[in-house]
Amino acid sequence: MTQRAKIDTDDGERVATEPPVVHRAAGLTSAEVAERVARGEVNDVPVRSSRSAADIIRGNVFTRFNAIIGVLWVIMFFVAPIQDSLFGFVIVANTGIGIIQELRAKKTLDGLAVIGEAKPVVRRDGTSGPVSTSEIVLGDLIELGPGDKVVVDGEVAEADNLEIDESLLTGEADPVVKKPGDRMMSGSFVVAGGGAFTATKVGREAYAAQLAEEASRFTLVHSELRSGISTILKYVTWMMVPTATGLIISQLVVKDTNLKDSIARTVGGIVPMIPEGLVLLTSVAFAIGVIRLGRKQCLVQELPAIEGLARVDVVCLDKTGTLTEGGMDVTELRPLNGSDEPYVRKVLGALGESDPRPNASLQAIIDAYPDAEEWRCTEALPFSSARKYSGAAFSEGNGETSAWLLGAPDVLLPDGDPVLAEIDHLNEQGLRVLLLARTTRELDAPDVAEDARATALVVLEQRLRPDAADTLAYFADQDVAAKVISGDNAVSVGAVAGKLGLPGAANTVDARLLPTEREEMARALDENAVFGRVTPQQKRDMVGALQSHGHTVAMTGDGVNDVLALKDADIGVSMGSGSEATRAVAQIVLLNNSFATLPSVVAEGRRVIGNITRVATLFLTKTVYSVLLAILVVCSQVEYPFLPRHLTLLSTLTIGVPAFFLALAPNKERAKPHFVRRVMRYAIPGGVIAATATFATYLLARSHYSGPGALAAETSAATLTLFLVSLWVLAIVARPYTWWRVALVATMAGGFLLVLVIPWLQDFFALKLVGVTMPWASVAIAATAAGALEVAWRWVDRRFPA
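Residues numbered from 1 in each chain as written. Predicted model: local features only at pLDDT ≥ 70, side-chain atom pairs only at ≥ 80, totals over all residues. Heavy atoms only, no water.

(A) Looking closely at the side chain of R607. Checked against the element boundaries, R607 lands in helix 21 (residues 598–636). The class of R607 is buried, set by a relative accessible area of 3%. Here E604 takes part through its side chain, which lies 2.4 Å from a polar atom of the side chain of R607. Among the polar contacts listed, one links the side chain of R607 to the backbone oxygen of A663, at a separation of 3.0 Å. Apart from the residues lying within four places of it in its own chain, the contact partners of R607 are A285, I288, G289, R292, A663, L664, A665, P666 and N667. (Helix = DSSP H or I, 4+ residues; strand = E, 2+ residues; numbered from the N terminus. Buried < 20%, exposed > 50% of the residue type's maximum accessible area, 1.4 Å probe, protein only. Polar contact = N/O pair within 3.5 Å; in protein donor to acceptor, adjacent residues only side chain to side chain. Contact = heavy atoms within 4.5 Å.)

Take a look at the structure:
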């Protein structure tokens, strides 16, 4: 069938004529492509899904704290036994683990990015085929259809009712109709019609090249968690500098002791102030999260998306492609107003043939009704989400002409039309209904639907996703409100949602009746769950209204009409089979097109955020007690009680090993905001109590012991107290208990006990309890401190709720 023959006469009247001969451009030849490649006229923007290997190594090795520890490590090699340099080997091991995990995550991401990459259709040598975006050359002829993204700048060569959305570039919400010769900007996308354009700017010269590169790059920054950790580290650095300076002066100048021993104890006081494993553990937890999701065919295009989805409390779902599968089936054809059914079938067959890029509804009609070859399309109006209908005009082969509309009945029919009652009954069964209507007006006239004569109802059955009900149940169980936002009839959408068990599905809202004022719209959204006849701009407004009420919003979708809302939502989730435009703006792409993957993403995010918050308390409690101990030592003018080996042992048993297991454990608790406040409200009282108890034990031991081995005995008693208090902090952080968490705490306690009872370990770590009185006094002080911890943390929960 030949497409449209619509021309403008000199006086502005539109007349249908015999279709003109359309010369289809052949595009570049292979030789021309090779010449342009040789000249470097290639779209070579390096869109990367992850950091380069060099960036990963550099980011893990060259850190502020690694530099500090590296210097201290070198010093310890010259002044103390190897036992006091163990902290340096731990840093090397930790950095190596971080690099390996991030490289594994990079490999996973790069593999998924290749699978999920959209390939534009380029016409070369007269034939069309998919080409990688990076292989497009200057002058290429690139074909476009609904949902396709414009990947380079260009000039329209062919246009078939081509409508482009440039809102992501210009902020203009209304689609722009493009004609041959018009400019095309990269970053825009097709909302209706089709065509082709010639690439005039490629690579970094393209309008949106830099934006696209930044938006598509896997990143480790710009999340509340990581910015919170950076804030904490900044304050730690400020505390470290004066405290470490005072400690150095105290130990090297004020105390006239052995120089090497003084240096060792000074380093022993500085090293534990650094929460060196916190950044590493965060990177590892995120990297492992990416790998786990990658195994489930989930591409995380921006790392903070894992964190963001963990904070989500409202998820907006598009019905088509999310709750239902993309395909549909025609189940019934109901002629209206005495229409002849065989004639209606011919009309539907011709309409199906008139659109070279049919949507799911029209594809079902094409499958059900073959084309009448003698009919010729003289004008076509492609489907648009904003219009809710498509249309075409035909020469029927017998000299007759006709124009038809196919779309939403409640848009094409006036209010109160008796046919609408019949349609409502079908919608209540979850069926989708399209109206075929004959019009006497120009298809592109604003009032084309007025006086249109209803000719037939096309009843379509939507295929429910088998996993949708379980996914909605998961969200309900996790206190995540699900809002179904669809362009379809509200009653039909509500019926589908009801079949899937969505709470509130019985109360459906026609979005055309929603208030436009943001506050009123937000209230309506909070009170209802199912919305139909939503326009693309309304979807965007609804996301903004929910966010104005303090909600963290995730939006799922796969169609062009979802792009604006996906862009504005806190987290955009696209199906892998969705349009190129939706995949480009979404932070998460479900490559297997399975809505059931979403709970895994939420669970992974909650695991990462909840566990990092948990283990951050361990790291920062150590920082607080280390700084406070150093201050107490400086003020009291006594020797620092610990050597680096003692604190390396304590850090390994009460923080390093336990934190690794706790960071990777399951955690279903929804992530909460104010990360810094939530961590520090526990770390400060925990660190103060630990430092006070330890220093009290140390002072008591100084009055109890005397003689040549007194300092070693005093250190051992103080170490015992600090270990027991730190172990109790670990025991609190590990709650609620499971068998493996109890075993973890018990194993760490057993490790310290082995050091105390095995002679060669006693010598290696310079830990030997002397006598009976002081060791038991250390235990008693630690027990008192543990009770104080319980009281303090309960008080904090009441006084400073998260």
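On we go.
(B) Local environment of the environment of G27. Along the chain, G27 turns up in the loop between strand 2 (14–16) and helix 1 (30–38). Residues G27 and R123, spaced 96 residues apart in sequence, show a C-alpha to C-alpha distance of 5.2 Å. Excluding anything up to four places from it in sequence, G27 contacts E32, R123 and L141.

(C) Representation of the nonpolar core within the structure. Among the nonpolar cores identified, the biggest contains 127 residues, and L309, L502, I588 and F752 are the most heavily contacted of them. The leading source of residues in this core is helix 21, at 16 residues. Every residue in contact with F752, bar those within four places of it in the chain, is listed here: L649, L650, L653, T719, L720, F723 and L767. Formed by 26 residues, the second largest nonpolar core is a distinct cluster that contains A511, A522, V553 and V585. (Core = buried A, V, L, I, M, F, W, Y, C linked by side-chain atoms within 4.5 Å.)

(D) Spotlight on the pattern of salt bridges. Applying the stated criterion to the full structure yields 21 salt bridges. Salt-bridge contacts for R702 lead to E714; the nearest nitrogen and oxygen are separated by 4.0 Å. Of this pair, R702 sits in helix 23 (residues 675–704) while E714 sits in helix 24 (residues 710–733), and the two are 12 residues apart along the sequence. For R702, a relative accessible area of 32% translates into the label partly exposed. (Salt bridge = Lys/Arg side-chain N within 4 Å of Asp/Glu carboxyl O.)

(E) Fine view of the packing of helix 9 (residues 276–295) against helix 21. Two elements in contact, helix 9 and helix 21, have axes whose closest approach is 10 Å; the angle formed by their N-to-C orientations is 170°. The angle between the axes of helix 9 and helix 21 places the two elements in the roughly antiparallel class. With respect to the hand of their crossing, helix 9 and helix 21 are arranged in right-handed fashion. Contact with helix 9, carried on its side by E276, G277, L278, L281, T282, A285, F286, I288, G289, R292 and L293, involves S600, V601, E604, R607, V608, I609, I612, V615, A616, F619, L620 and K622 of helix 21 and no other residues of that element. By residue class, the composition of the contact of helix 9 with helix 21 is 14 nonpolar, four polar and five charged. (Axes fitted to C-alpha atoms, helices over the stretch in contact; angles between N-to-C directions. Parallel < 35°, antiparallel > 145°, perpendicular 65-115°, else oblique. Left-handed = near helix turned anticlockwise from the far one by under 90°. Nonpolar A, V, L, I, M, F, W, Y, C, P; charged D, E, K, R; others polar.)

(F) Representation of the sheet that holds strand 18 (residues 481–485) within the structure. Pairing is mixed across the open sheet formed by eight strands, whose spatial order is 10-23-22-21-11-18-20-19. Looking at the sheet topology across the chains shown, the edges are occupied by strand 10 (298–300) and strand 19 (508–510). Averaged over all adjacent pairs, the angle separating strand axes in this sheet is 20°, with direction ignored. As paired elements, strand 11 (residues 314–317) and strand 21 (residues 553–557) share three bridges and run parallel to each other. Among the inter-strand pairings, V315 is bridged to a residue of strand 21, identified as A554. (Pairing = 2+ DSSP bridges.)

(G) Seen up close, the side chain of T697. Structurally, the position occupied by T697 is in helix 23. With relative accessibility at 0%, the residue T697 sits in the buried group. Looking at T697, its side chain comes within polar contact range of the main-chain oxygen of A693, at 2.9 Å. At a separation of 2.9 Å, a polar atom in the side chain of T697 contacts the side chain of T721.

(H) View of the packing of aromatic side chains. Within the structure shown, the criterion is met by 11 aromatic pairs. Centroid distance Y343 to W404: 6.0 Å. Interplanar angle 55°. Geometry classified as tilted. A residue pair is termed long-range when its members are at least 10 positions apart, and Y343 in helix 11 (residues 341–354) and W404 in strand 15 (residues 401–407) qualify at 61 residues. Judged by relative accessible area, which is 25%, Y343 ranks as partly exposed. Between F695 and Y698, the ring centres sit 6.2 Å apart and the planes meet at 55°, which makes this aromatic pair tilted. In this pair, F695 and Y698 are both assigned in helix 23, three residues apart and thus about one turn of the helix distant. Given the relative accessible area of 0%, Y698 is considered buried. Of the aromatic side chains, those joined through ring pairs into one cluster are Y343, W375, F394 and W404. (Phe/Tyr/Trp six-rings, centres within 6.5 Å; stacked < 30°, edge-to-face > 60°.)

(I) Helix 15 (residues 468–477), seen in detail. Buried within helix 15 are the following residues: A468, T471, L472, Y474 and F475. Down the axis of helix 15, the buried side of the element spans an arc of 155°, and every buried residue falls inside it. Looking at helix 15, the residues exposed on the side facing more than 90 degrees away from the buried face are D470 and D477. Buried positions along helix 15 lie against strand 11, strand 18 and helix 21. Directly beyond the C-terminal end of helix 15, a positive phi value near 60° is found at D479. (Arc of directions from axis to C-beta.)

(J) Broad picture of the environment of S626. In this fold, S626 is placed in helix 21. In sequence terms S626 and T243 are 383 residues apart; their C-alpha atoms lie 9.8 Å from each other.

(K) Inspection of the environment of L472 at higher detail. Mapped onto the secondary structure, L472 falls in helix 15. With a relative accessible area of 3%, L472 lands in the buried category. Each C-alpha atom of the pair L472 and G501 lies 7.6 Å from the other, and the pair is 29 residues apart in sequence. Once residues within four sequence positions are removed from consideration, L472 is found in contact with L317, L323, A482, L500 and L502.

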